[in-house]
Amino acid sequence: MDITQIYMENKNSVYRLALTYLHSQTEAEDVCHDVFIKMIERKISIFPGKEKSWLLTVTANECKNRLRFWKRHGHEELTDGIPVKETESMDMLEMVMSLSVKERTVIFLYYYEGYTAEEIAGILKITASAVRSRMERARKHLKSKLEGELS
């Protein structure tokens, strides 16, 4: 598959995942570019159909590296919006973004990108049971936030 085609098909998913981790449009754009540059420079051969999974795995790792760096060296977090489809609820997306990084990442990959728990486990390099536990905790937190809004 041509790199241009891979880029066009996956750039939004890579960008949105980076944005869920970093909460900064500029940082997410940097990570997005870094991920695709790595793919080009290293001439990585990826099994056809597995490009998106590889890209999201590299994106998650790049974001974790930046977060570790910021934790050690300090960083002022800027909050930017995530581009969403018009049919999606902004209120729900804001609630998802208020979750912890671990919880919102699994929610994003499961509900917004359509990955299974096993696929998410491969992307994040954790066990499938850990993914399911994070999903359960995230759902509980979202439920309590929704109930708090309705009261």
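First, a word on what this report is: a plain description of the structure on this page. The structure presented is a predicted model; accordingly, all values stated were derived computationally and were not measured.

Topic: the nonpolar core
Okay, so step 1: Ranked by internal contacts, the top residues of the largest apolar core, which has 39 residues, are Leu109 and Leu124.
Okay, so step 2: Looking at this core, the elements that each hand over two or more residues are helix H1 (3–22), helix H2 (25–41), helix H3 (51–73), helix H4 (90–97), helix H5 (101–112), helix H6 (117–124) and helix H7 (128–150).
Okay, so step 3: Broken down by element, this core gets its largest block of residues, eight residues, from H1.
Okay, so step 4: Not counting residues up to four positions away in its chain, the partners in contact with Leu109 are Leu17, Leu56, Gly114, Tyr115, Ile120, Ile123 and Leu124.

Here we look at the packing of aromatic side chains
Okay, so step 1: All told, the structure shown has three aromatic pairs when counted by the stated rule.
Okay, so step 2: Measuring from centroid to centroid gives 4.9 Å for Tyr7 and Phe36, while their planes differ by 75°, and the two rings are edge-to-face. With Tyr7 in helix H1 and Phe36 in helix H2, this residue pair connects regions lying 29 residues apart in the sequence.
Okay, so step 3: Aromatic pair Tyr110 and Tyr111: ring centres 4.8 Å apart, planes at 85°, arrangement edge-to-face.
Okay, so step 4: Positioned over the ring face of Tyr110 is Arg139, at 5.8 Å from the centre of the ring.

Some points on the packing of H1 against H2
Okay, so step 1: Running from amino to carboxyl end, H1 crosses H2 at an angle of 140°, the nearest separation of the two axes being 8 Å. With respect to their mutual orientation, H1 and H2 come out oblique. Considering the relative orientation of H1 and H2, their crossing is right-handed. On the side of H1, the interface is formed by Ile3, Ile6, Tyr7, Asn10, Lys11, Val14, Tyr15, Ala18, Leu19 and Leu22, while H2 contributes Gln25, Glu27, Ala28, Glu29, Val31, Cys32, Phe36, Met39 and Ile40.

Digging into the environment of Ile3
Okay, so step 1: Within the secondary structure, Ile3 sits in helix H1.
Okay, so step 2: Its relative accessible area of 31% is what places Ile3 among the partly exposed residues.
Okay, so step 3: With 37 residues separating them along the chain, Ile3 and Ile40 place their C-alpha atoms 7.6 Å apart.

Section: the environment of Val106
Okay, so step 1: Counting through the fold element by element, Val106 comes out in helix H5.
Okay, so step 2: According to the relative accessible area criterion, Val106 is buried, its value standing at 0%.
Okay, so step 3: Note: C-alpha distance between Val106 and Ile120 (14 residues apart in sequence) is 7.0 Å.

What about the side chain of Asn10?
Okay, so step 1: Mapped onto the elements of the fold, Asn10 is located in helix H1.
Okay, so step 2: Asn10 sits in the buried class, given a relative accessible area of 6%.
Okay, so step 3: When near neighbours in sequence (up to four residues on either side) are disregarded, Asn10 contacts Phe36, Lys52 and Leu55.

The rules behind each value
- Residues numbered from 1 in each chain as written.
- Predicted model: local features only at pLDDT ≥ 70, side-chain atom pairs only at ≥ 80, totals over all residues.
- Heavy atoms only, no water.
- Core = buried A, V, L, I, M, F, W, Y, C linked by side-chain atoms within 4.5 Å.
- Buried < 20%, exposed > 50% of the residue type's maximum accessible area, 1.4 Å probe, protein only.
- Helix = DSSP H or I, 4+ residues; strand = E, 2+ residues; numbered from the N terminus.
- Contact = heavy atoms within 4.5 Å.
- Phe/Tyr/Trp six-rings, centres within 6.5 Å; stacked < 30°, edge-to-face > 60°.
- Lys NZ or Arg CZ within 6 Å of the ring centre and 35° of its normal.
- Axes fitted to C-alpha atoms, helices over the stretch in contact; angles between N-to-C directions.
- Parallel < 35°, antiparallel > 145°, perpendicular 65-115°, else oblique.
- Left-handed = near helix turned anticlockwise from the far one by under 90°.

Geometric values such as these leave the question of function open.
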